[in-house]
Each structure stands twice: as structure tokens, then as C-alpha cells.
Amino acid sequence: MTIRVNRRAALGIGTVATAGTVLGAAAPASAAGRPRAAATPAEAAAQVAAGYAQETARAGGNWQAYVSVANGSAAPLVAVADEADRRIEAYSVNKIAVAVAVLDKVDRGLLTLAQRVDVTASIVIPGGDGIFSLDGAYPSSVTLGHALAALLTVSDDTAVRLCGLVCPAAELNQILVAKGFPNTQVQPVANPNRFYLGTSTPRETHDLLRKLVGGTLLSASSTAFLLGLLRSPIAFTDGVRREMSSTERARVATKAGWFDTARHEAGIVFDTAGAPVLTYALFADGQAGAGDFGATHPAVQARARLGRVFLTAVAGLAGVGPAHRAVVQRPSNGG
């Protein structure tokens, strides 16, 4: 099966290296199945482009994506631009945007991470992903920080409703528009404090992540809090982070989204010093196995292989922008 893209739009023609990969000239060694660290950002972008073309063709279905590689003092190199401006259902990838809106209110002094929100039986989504539906004992209350942690690590669905209690849909969308993301919007419902997770585009999701790590989206403390959740050991590991050591996983901040036939993931790869070196937004639907929400789904397997391509390609490169060092987290034996 071939991917639904054209040569220029799919792989972000704009560098000689990427053009060479697409057109068959000067293809890097990794294109032949031998991943290696790239010597330059252009070579890394070419390797990422080749890996994306190979893995999406192998998985089949529909793909929309935007991936870039840091390029020193210049603008990031676009490795993949596959229907990058198509507005699509983002599902749980948009939980990042929800968290951004809530943390924007924290930054403005309207909320605090320590304030409590009530978890009532009526607000719990029965059978939804996460931990709140497993509690079996309501009412209870948690801090807003706890709700955000559940939202971005185990992708808790009830945590979306808890965020809606402090940041209604209309306000949330206004915050995102003001920050430059008119296509990254939740979908309001009759209850103003509830919403579906709504839409985004690969480019806007990518740009939101770039602004986040660049320090222009939220305060330093809110940025560190959000990235700490996305990089934590219990954040999503079935996709991009699957074929990585625990140390390598800590270099990747990621959020996945899955619903119906869709399997999405977006995030950032950091260099060993903590500077962002690669940003990705990968949206997929229509593959086989719609009822499989585990690691064996074709699109999730493709992302797992791409994660290794990403990490290897940029292994020898330095990131650009503020450093965000991972907090070391190790298992405990209690006590």
C-alpha cells in the first residue's frame, strides 16, 4: 500500500538532503535499513523523511504529519510535511492543549495547582481510560495538579472533565486562539464545563510544542511541570518511546491519542543536555485492527520504529533553545 501523499508535500522538500531522499539521489545509509547518527541536521532530516515514508507505507491507512529537526541558529529543517495543515480530530493529543490553557490560568494567578476539584460519581466517565474510573469510591477530591498529572500521563478521560470545571470550553478555546492556535480547539457541548477534545492540525500541534519548549507559551515553572509529566516513566510508552531504554525515554516528551480507528502521537526529542532537537506530530487513522488499542496496532508499531529512527538520527546533534533537563525518577520498593 502506498501513502496518500505527493513527493513535495509529504516530505517537506526544502533541503537538498530531503530532496535527495525523496528523489532517490544521495540517500543516507539509514534509508537502506541501517540507522546511524547523522552528521548534520540536513542528513538527520533526510533519514527521518526516509523512515517516515517507509513506515507509513508499511502500516497503510491515512497519515498526516509534521516533523522538524533543530538547525543551529537557522529555522528548524522540515523533515516531514504530510497534509500538515489538514484540520483533523486530535483526540487525546489535544490534552496537551487543554493543559496549556489551564496552566495559562495558573500563570495569571486565577488558579493554583494546589486547589482541589471534586470527583463525583456523575463526573466520572465509566469505562474511560485512566485511573479515576477505577476508584470505585465517590465523592472524593484531588488537587488540580493531580488532575493534570492524570490527564497527561495515563491520559485519564475523567481528568478532561475535571479541567473543564476550572476552564470552561469557551474560555479554553479563547486562550488557545490568543496564543496563536485557531485550529487547535475543543468542541463545546451543552454543558459549558464539558467538551469533546476537538481538532488540531499537524503543523499547529508541532508549533505548540515548539513554543512550549521555547519558553514563549507558559511560565518557566508551568513549562517544567508540563514537560515533566510528558517525559515521566509512566507517560505513553507503546509508541515512539517503546524501543528505548529508561534513560532514552526520559529524553522524549510525548502524548498519544487513540479513538475509533485513529492512533496519534506528538512530542519532542531532547539532546543529552536537555535542549529540544526534534519535534514531531504524527496523526494516523484507517489502519487495520481498529479494535486494538495496544502496542500491536500497525500505526503504533510504525511509531515505535520511527521513535528509534528519530533518536538515532539526531544522536550526534545539539538541540536549540532552553535546556529542559529531565528529573531522575527511579522505582521505589516502598518503605
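Throughout what follows, the structure given in this document is the object of discussion. Everything quoted here is computed from the prediction, not taken from an experiment.

Focus: empty space enclosed by the protein
One pass over the full model with this rule turns up two cavities of 30 Å³ or more. There is about 60 Å³ of room inside the largest cavity. In terms of lining, the largest cavity is formed by Phe 236, Asp 238, Ala 256, Gly 257, Trp 258, Arg 263, His 264, Phe 293, Gly 294, Val 300 and Arg 303. For the lining of the largest cavity, the element with the highest residue contribution is strand 8 (residues 252–259), accounting for three residues.

Describing the pattern of salt bridges
Under the criterion given, the structure shown has eleven salt bridges. Residue Asp 104 pairs with Lys 179 through a salt bridge whose shortest N-O separation is 3.1 Å. With a gap of 75 residues between them, Asp 104 in helix 4 (residues 95–107) and Lys 179 in the loop between helix 7 (169–178) and strand 6 (185–188) connect regions that are remote in the sequence. Assigned by exposure class, Asp 104 and Lys 179 land together as buried.

Looking at the nonpolar core
Judged by nonpolar contacts, the single largest core of 55 residues is most densely connected at Leu 151 and Leu 226. Tallying contributions element by element places helix 4 first for this core, with nine residues. Not counting chain neighbours up to four residues away, the residues in contact with Leu 226 comprise Ile 96, Ala 99, Val 100, Leu 103, Leu 152, Leu 212 and Leu 218. If you look at the next biggest cluster of nonpolar residues, it comprises 31 residues, including Ala 45, Ala 70, Val 240 and Val 277.

Regarding the sheet that holds strand 2 (residues 74–82)
The strands making up a sheet associate through backbone hydrogen bonding, with each pair oriented either parallel or antiparallel. With antiparallel pairing, the five strands of this open sheet are ordered in space as 2-1-10-9-8. A single partner strand is all that each edge strand has here, and the edge strands are strand 2 and strand 8. Strand-to-strand twist in this sheet, taken as the mean axis angle between neighbours without regard to direction, amounts to 5 degrees. Direction of pairing for strand 1 (residues 62–71) relative to strand 10 (residues 276–285): antiparallel, over a ladder of eight bridges. Note that in strand 10 the partner of Tyr 66 across the bridge is Ala 281. On top of the sheet, helix 11 (residues 298–313) reaches strand 1, strand 8, strand 9 (262–270) and strand 10; it is set at about 15 degrees to strand 9, its chief contact.

Reading the values: rules and limits
Residues numbered from 1 in each chain as written. Predicted model: local features only at pLDDT ≥ 70, side-chain atom pairs only at ≥ 80, totals over all residues. Heavy atoms only, no water. 1 Å grid on protein atoms, 1.4 Å probe; cavity = no way out; pocket = protein on both sides within 12 Å on 5 of 7 lines; lining within 4 Å. Points joined across faces, edges and corners; volume = space filled by probe spheres on them. Helix = DSSP H or I, 4+ residues; strand = E, 2+ residues; numbered from the N terminus. Salt bridge = Lys/Arg side-chain N within 4 Å of Asp/Glu carboxyl O. Buried < 20%, exposed > 50% of the residue type's maximum accessible area, 1.4 Å probe, protein only. Core = buried A, V, L, I, M, F, W, Y, C linked by side-chain atoms within 4.5 Å. Contact = heavy atoms within 4.5 Å. Pairing = 2+ DSSP bridges. Axes fitted to C-alpha atoms, helices over the stretch in contact; angles between N-to-C directions.

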